[in-house]
Amino acid sequence: MNGLSFSLAGADLLALASGALFWPARDLLCVSDLHLGKSERMARRGGPILPPYEARETLARLARDIDAVRPQTVICLGDSFDDLGAMRALEDAAKAEIAALMAGRRWIWIEGNHDAGPVDLGGSHLHDLQVAPLTFRHIASPDARGEVSGHYHPKARLALKGRTLTRACFLVDDARLILPAYGTYTGGLYSDSAVLTDLMAPEARALMLADPPLAVPMPRRTCAPASVRAS
Amino acid sequence: MTPLPATIEAWFTDQGWHLHPHQRAMLARAGEPALMLIAPTGGGKTMAGFLPTLAELADGSHDGLHTLYISPLKALAADIKRNLRRPVEEIGLPIRIEDRTGDTSQTQRKRQRADPPHILLTTPESLALLTSYEDAARTFKGLKRVIVDEIHALAESKRGDQLFLALSRLETLAPGLRRVGLSATVEDPPALANLLARHPDPCAILMADPGPDPDISMLQTREKPPWSGGGGAYAIPAVLDQIRQHKTTLIFHNTRAQAEIFFHNLWLANDEALPVGIHHGALAREQREKVEAAMVAGKLRAIVCTGSLDLGIDWGDVDLVIQVGAPKNVKRLVQRIGRANHRYNAPSKALLVPANRFEVVECVAALEAVRARDLDGEARGPGPLDVLCQHVLIRAAAGPFDADDLFAEIITVGAYAALPRATFDRCLDFTATGGYALRAYDQWQRLVQRPDGLWQLRDPRAASRIRMNIGTITDSEKLKVRLRHARGGAALGEVEEGFAATLTQGDTFLIGGRIVRYEGLREMVVEVTKNAGRKPRVAVFSGTKFATSTQLSDRILAMFQQESWPNLPTHTAEWLALQRQVSRLPERKRLLVETFPHDGLHHLTAYGFAGRNAQQTLGLLLTQRMEAAGLNPLGFVATDYATLIWGLDPVTDPAPLFARDNLKDALEGWLAGNAVMKRTFKTAALVAGLIDRNSPGRRKSGRQATFSTDILYDTLRKYDPDHLMMQVTRDEAMRGLVDFSRIEAMLDRIGGRIDHVVLTRVSPLAAPLFLEAGRVPVAGRAEETLIDRERHALMAAAGLE
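The notes below deal with the structure included here.

Calculation notes
Residues numbered from 1 in each chain as written. Chains lettered and ligands numbered in written order. Predicted model: local features only at pLDDT ≥ 70, side-chain atom pairs only at ≥ 80, totals over all residues. Heavy atoms only, no water. Helix = DSSP H or I, 4+ residues; strand = E, 2+ residues; numbered from the N terminus. Areas by Shrake-Rupley, 256 points an atom, 1.4 Å probe, with all protein chains shown as cover. Buried < 20%, exposed > 50% of the residue type's maximum accessible area, 1.4 Å probe, protein only. Contact = heavy atoms within 4.5 Å. Pairing = 2+ DSSP bridges. Axes fitted to C-alpha atoms, helices over the stretch in contact; angles between N-to-C directions. Phe/Tyr/Trp six-rings, centres within 6.5 Å; stacked < 30°, edge-to-face > 60°. Lys NZ or Arg CZ within 6 Å of the ring centre and 35° of its normal. Polar contact = N/O pair within 3.5 Å; in protein donor to acceptor, adjacent residues only side chain to side chain. Salt bridge = Lys/Arg side-chain N within 4 Å of Asp/Glu carboxyl O. Expected span 1.5 Å × (residues − 1). Core = buried A, V, L, I, M, F, W, Y, C linked by side-chain atoms within 4.5 Å.

1. Description of the overall build of chain A
- Tallying secondary structure elements over chain A gives 5 helices and 16 strands in all.
- A total of about 8600 Å² of accessible surface is found on chain A, and carbon and sulfur atoms cover 50% of it.

2. What about unusual backbone geometry?
- For the bond from A:D211 to A:P212, the omega torsion is 0 degrees, close enough to zero to count as cis.
- Among the structural elements, A:P212 can be located in the loop between β15 (205-208) and β16 (214-217).
- Residue B:H199 is joined to B:P200 through a cis peptide bond whose omega torsion reads 0 degrees.
- The phi torsion at A:A9 lies on the positive side, around 50 degrees, for a residue other than glycine.
- Assessed through its relative accessible area of 38%, A:A9 is described here as partly exposed.
- In this structure, A:H151 is a non-glycine residue whose phi angle is positive, near 75 degrees.

3. Re the environment of B:L585
- Secondary-structure assignment places B:L585 in the loop between α22 (570-582) and β22 (591-598).
- If we ignore the near neighbours within four places in the chain, the residues touching B:L585 are B:F560, B:W565, B:L576, B:Q579, B:R580, B:L592 and B:L765.

4. Quick word on the sheet that holds strand β5 (residues 73-76) of chain A
Residue and element names in this part refer to chain A.
- Read from one edge of the open sheet, 7 strands run β1-β2-β3-β4-β5-β6-β7, paired in mixed fashion. Two strands close off the open sheet at either side, each with one partner strand: β1 (3-8) and β7 (124-126). Shown here is a sheet whose adjacent strand axes are inclined to one another by a mean of 25 degrees, direction ignored.
- Alignment of strand β4 (residues 28-31) against β5, held across 4 bridges, turns out to be parallel. Counterpart to L28 in the pairing with β5 is T73.

5. Quick notes on the packing of aromatic side chains
- Enumeration over the complete set of coordinates arrives at 19 aromatic pairs over all chains.
- Judged by centre distance (5.8 Å) and plane angle (40 degrees), the rings of B:F609 and B:Y641 are tilted. Pair noted here: B:F609 is in the loop between β23 (601-607) and α23 (612-628) and B:Y641 is in the loop between β24 (633-638) and β25 (643-647), with a separation of 32 residues, a long-range link. This pair shows no difference in class: B:F609 is buried, exactly as B:Y641 is.
- Linked through ring pairs, B:F358, B:F560, B:W575, B:F609 and B:Y641 together constitute an aromatic cluster.
- Lying across the ring of A:Y182, A:R61 places its NZ or CZ 4.8 Å from the centre.
- Sitting over the face of the ring of A:Y190, A:R157 holds its NZ or CZ atom 3.7 Å from the ring centroid.

6. A word on the sheet that holds strand β12 (residues 320-324) of chain B
Residue and element names in this part refer to chain B.
- Taking strand neighbours across the sheet as the criterion, the 6 strands line up as β8-β13-β12-β9-β11-β10 in an open arrangement whose pairing is parallel. Each having just a single partner strand, β8 (215-218) and β10 (276-279) make up the two edges of the open sheet. Taken over all neighbouring pairs, the strand axes of this sheet differ in orientation by 20 degrees on average, direction set aside.
- Here 4 bridges tie β8 to strand β13 (residues 349-353), and the two strands are oriented parallel to one another. Following the sheet pairing, D215 is matched in β13 by K349.

7. Some thoughts on the side chain of A:S32
Residue and element names in this part refer to chain A.
- Within the secondary structure layout, S32 lies in the loop between β4 and α1 (38-44).
- Within the structure, the side chain of S32 is placed 2.6 Å from the side chain of D33, a separation counted as a polar contact.
- When neighbours within four sequence positions are excluded, S32 is seen to be in contact with L77, G78, G150, H151, L179, P180, A181, Y182 and G183.

8. Section: the pairing of β15(A)
- Both β15(A) and β16(A) contribute to a ladder of 4 bridges, which runs antiparallel. Counted as the bridge partner of A:A206 is A:V216 from β16(A).

9. Structural notes on the pattern of salt bridges
- Applying the stated criterion across every chain yields a total of 41 salt bridges over all chains.
- A salt bridge links A:R61 to A:E57, with the nearest nitrogen and oxygen atoms 4.0 Å apart. Taken together, the residues span about one helical turn, with A:R61 and A:E57 both in helix α2 (residues 54-69) at a distance of 4 residues. In terms of burial, A:R61 and A:E57 fall into one category: buried.
- Among the ionic pairs, B:E125 bridges to B:R159, the shortest N-O distance being 2.8 Å. A residue pair is termed long-range when its members are at least 10 positions apart, and B:E125 in helix α6 (residues 124-131) and B:R159 in helix α9 (residues 158-173) qualify at 34 residues.
- Judged by relative accessible area, which is 16%, B:E125 ranks as buried.
- Three or more residues are tied together by salt bridges with common partners; here these are A:E40, A:R41, A:R44, A:D82 and A:D83.

10. Quick word on α22(B)
Residues and elements named next belong to chain B.
- Its 13 residues place the ends of α22 18 Å apart at the C-alpha level, agreeing with the 18 Å of an ideal helix rising 1.5 Å per residue.
- Within the span of α22, buried status applies to H571, T572, A573, W575, L576 and Q579.
- Looking at the buried positions of α22, the neighbouring elements they touch are α15 (357-371), α21 (550-560) and β22.

11. What about the pairing of strand β7 (residues 204-207) of chain B?
Residues and elements named next belong to chain B.
- Because side chains alternate across β7, one face comprises the buried residues A204 and L206, and the other comprises I205 and M207, none of which is buried.
- Looking at chain direction, strand β1 (residues 34-38) and β7 are connected through 4 bridges and run parallel. Bridging across to β7, M36 finds its partner in I205.

12. Section: the nonpolar core
- Judged by nonpolar contacts, the single largest core of 113 residues is most densely connected at B:L68, B:F140, B:L170 and B:M725.
- Per element, the largest residue contribution to this core is 8 residues, and it comes from helix α16 (residues 385-398) of chain B.

Shown next as structure tokens:
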């Protein structure tokens, strides 16, 4: 698999076409927002009964990435499960697949807003993790340096020869990197939304998922919205 | 025979009216269990439908709901209420009449269920909703008659399927109820009657006198129609002239966007400030009601409108109908023409305005068909399963049910009469558990079977979720448009989410006839300010696009074979002659294929004349074959008569692209993974309840929580390809968006006779294709190639590399 190399806080990183991040120097693979068990959670809560195959599909893609780069360490950057109930209700085949992927390597579950709490599938469960010079956590904090996070499911759109290309993307500037959502049943938030425009520095780039990923200046909100509500 | 009470007869006499023969016949045959009236527009159809009800209710002895009236339009229900209340009030009949639509208030709705009026006027969706309540049996107790108005319009869509399924419910709740269908002129009355009656009972058909032939011609304009485009703006001076000469003119357009542009231009040219209005389905209710009221009061000289005014609403004294753009379908043209001169036995007056040169040909062909009374129509297949799934859910919301009883009810619906029990069981399983191959846990059940065998909702709270998602109309997501104001400004209408996503602050677009400036999106509302700019971008409302009928296409192809075209305006005749000179004219028994370079890309045009949907499918098949041949197709666009494909490499030998062998395989191939299938899947998934279109609080939480239905399609395709929704999608696509039968008919017709014309530039006939909306991108190697080409250019341009 081809990757697009870039650096963050002096660390040389590789953005993979799948949406995973590889750090060759540390032999470390990082994926974010797997949302395993999303269909189970929605059905349990009386919502639509979606095809219950998304955990299989997500894990199959993760297995391909792990096979390709054979990392020493795997970091799941939060919201790995749609909630803890969904984690417990994972089908046995999915649990076995996860165990197989974990075998022989260090595995870290970073806690997300969907899956705060202990994970009983092995591996370490952490709020955040420092691997100098980088810090891995689920949600970006405004004043961080060398931070790798997920949570927002960023996507970007680009006009190409009269058509609009919409892809999930990495967002990167001098201070931080935001990973795209890796899970199958995940939507996205446009990079030109207020929250992402505010978070990312003006010179930020979007690495749109393609093989290899395509770097473009991050599409952003062009001007601040005028305040309309009389205070 | 129901005698007409003397008081009612006297009122008619006082008005100077006398009953038409078919109105008397409706009274005489009021006892028929199913009766279909076919009458031309303006034939007093609706009154004919209601007379037996008025007669039966005149003595005040009936308690509760007596007659349910269902129309395809909210506006029609409101209009009938006005028209019925007048005689009822003036005669002093003890009859309560109310309407119930999506616009009815919550309190009113609640009361209507507990204490229904004698006559309830509603829409198929509101009826389905009424049957979903636990007290449905009480609401419909004693119901005697159901009147389905404009049944010809309903029968063409899933709304009709939903309605007839609801009628099967009513039959159980109110046994012996009589069904009346009111229809405009159609090509096959028995087929329509078969849908109305309780299967297998017969349905009587009553044909009213079709009235005199319409007075219909082409509008003469000083300006020539443009080479392409769809607005008809060139005709504005001539249209204004006609408005001046008539009392009230209806100006029909095929799409909302075209109506908006035309209205805007009409307004700019309207120096005398003639009162004109605009009316279409995407306008806010307040805006529509204002126009409707002004129209009824006779204050408007013209209304620019779309299909939202297509059906039998009585808008006062319309004495001229203008159709802008080719009518696509002769039957609909006849029904639209009938809107003028809403009096029986007076000829309707109509003018056709082709929007471009090609449409001149189409309009002339349509005119000839109208004169020959040659109506067109394509048969619909068996009842769609996604609507059936929704019906099962609606039934479940109303309370526990027995599967055998429900099945017995469903096969009394004409379109579902041949439904195999096994298919019904699959639908039931789908609604109950999702119908997946993998299914293990309790929480996957939406419906559960109780020990006594009845099915019920696992969680009774699911009922409200089901009710929120009733309906079979699945337009793309719409966003409300409001004027920006501190406390929420006036609502103007709706635009598609996809259109809103293309807007950046400062962009201008047309809505409701005014130009507004996009300011931003706030809580899923598009906020705009007024703007007097002269050149708006146009709101892209995707109005339903109809395919030109086979009959009309054949007439056009026949016309192309004429030596010369004295029946066409000179400009159009010259255009066809030019096409004949630089290329060729398409023929019925051959296929013309042109190739030419344009704007740095290679283009191919195939003039199949198979109708928009089939031409679209042809585009998918051809681009798939081009992809396989390494020709890097980038995209295509289809119209009713041709498909235009563009790509990075030229096609030198088109014959293999059209080879018949493997065509079905190729079809199966792309059935797997293309945009049209995904769009069809989305509709089926929404209707069947696989996904919700509305759920409590979804709009607010929104954003990254929601994901594209394309992902669900891909997942099912990979892990559960035989899932019910995949089957529904395939069936639906084959007869709807895919329209494969018309491709096969086209290939039969041309029998391998392909004329490949290599050109150095765009041909006269191909030029209009470049302005067609609805371009379909091909997701193939070309996309990656483009990305690669842009890879460095983009970063370099931004000074980042």
